[in-house]
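# What the coordinates show
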Amino acid sequence: VISGNAFVARFAEIIENAFERFFISAEILPINEQEAFKEALRHFSRIDRLSIYLHPSNPSSRDIWQPVDEKLRAMNAQDYREEYNGNRSDNGLKPDADEMIERKIVMAEDGYGHVEATGIRGGKIRTVSTRSLPLSAAAPRDSTASSSVLKALSDTFRSVLRRFE
């Protein structure tokens, strides 16, 4: 059995090496539960830092983040990063005050990047990331036939695909 982290690292390495690292950089990003990151942010009393990393979608985009995706494509950007640092003597950052940040968070939750926030939760400095909130589904045991595993996971796959309708 291989751990999730080991699989991600090895799979990306295989893809990169298959093309002898010629203009290829692979990164496996999880698809997150919808709204999971924003729900986690609601538990922070103050947000001190918000970091966003995105890359253009392939092949299509959702309506909510389509303007962000189109901008990345128009700029011919391979990836995009932005970071916000809040005033700690004040109430910190208010990411919900910016509609574009909302769109970027959803894009990251859909697997086209990641977002990380650091701030105060429960009186302690905490960090939450879209990488730490992956979508999960219960699957049958390893000895189960592949077709049965696929059938068991089909509802989860459909819920992800419905986001793009």
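Details of the structure are given in the entry above.
These lines cover the structure that appears in this document, whether it is placed above or below. Sequence positions are assigned chain by chain, starting from 1 and proceeding in written order. Two thresholds apply to this predicted model, a pLDDT of at least 70 for residue-level local features and 80 or more for giving and counting side-chain atom pairs, whereas whole-chain, interface and lining totals are computed over all residues. For the side-chain quantities, the full set of heavy atoms in the structure was used; hydrogens and water were omitted.

Looking now at the overall build of the protein chain. Scanning the protein chain for helices and strands turns up five helices and four strands. Scanning the protein chain from its N terminus toward the C terminus, one meets helices and strands in the order α-α-β-α-β-α-β-β-α. Here the protein chain holds 165 residues, and the buried ones make up 34% of them. We call two residues in contact when some of their heavy atoms are within 4.5 Å. Across the protein chain, contacts joining residues at least 24 apart in sequence account for 71% of those joining residues at least 6 apart. Only carbon and sulfur atoms are counted for the fraction: they give 51% of the accessible area of the protein chain, which is about 10,900 Å². The secondary structure listing takes helices from DSSP runs of H or I that are at least 4 residues long and strands from runs of E that are at least 2 residues long, numbered from the N terminus. In this scheme, a residue with accessible area under 20% of its type's maximum is buried, one over 50% is exposed, and one in between is partly exposed, where area comes from a 1.4 Å probe on protein chains only. Reported accessibility uses the Shrake-Rupley method at a 1.4 Å probe radius. Residues are deemed covered only where the shown protein chains occlude them.

Here the focus is the environment of Asp69. Take Asp69: it is sitting in helix 3 (residues 66–74). The buried category is assigned to Asp69, whose relative accessible area is 2%. Between the alpha carbons of Asp69 and His55 there is a distance of 8.0 Å; along the sequence they are 14 residues apart. Excluding anything up to four places from it in sequence, Asp69 contacts Pro56, Ser57, Ser61 and Met107.

Here we come to the side chain of Lys104. Within the element layout of this structure, Lys104 appears in helix 4 (residues 99–109). By relative accessible area, which is 9% here, Lys104 ends up buried. Ignoring any residue separated from it by four or fewer positions in sequence, one finds Lys104 in contact with Ile52, Leu54, Val68, Tyr80, Glu82 and Val115.

It is worth spelling out the packing of helix 3 against helix 4 at this point. To characterise two packed helices, one gives the angle between the axes of the helices and the distance between these axes. With axes taken as lines fitted to C-alpha atoms, and helix axes fitted only over the stretch in contact, angles between N-to-C directions fall between 0 and 180 degrees. Remark: helix 3 packs on helix 4, axes separated minimally by 8 Å, with the N-to-C direction vectors making an angle of 80°. Classified by the angle between their axes, helix 3 and helix 4 sit roughly perpendicular to one another. Counting all contacts with helix 3, which are made through Pro67, Val68, Asp69 and Leu72, the residues of helix 4 involved are Met100, Arg103, Lys104 and Met107. Any residue outside Ala, Val, Leu, Ile, Met, Phe, Trp, Tyr, Cys, Pro, Asp, Glu, Lys and Arg is labelled polar, Gly included; the first ten of those are nonpolar and the last four are charged. Its residues assigned to classes, the contact of helix 3 with helix 4 comprises five nonpolar, no polar and three charged. The labels follow the angle: roughly parallel below 35 degrees, roughly antiparallel above 145, roughly perpendicular from 65 to 115, and oblique for the rest.

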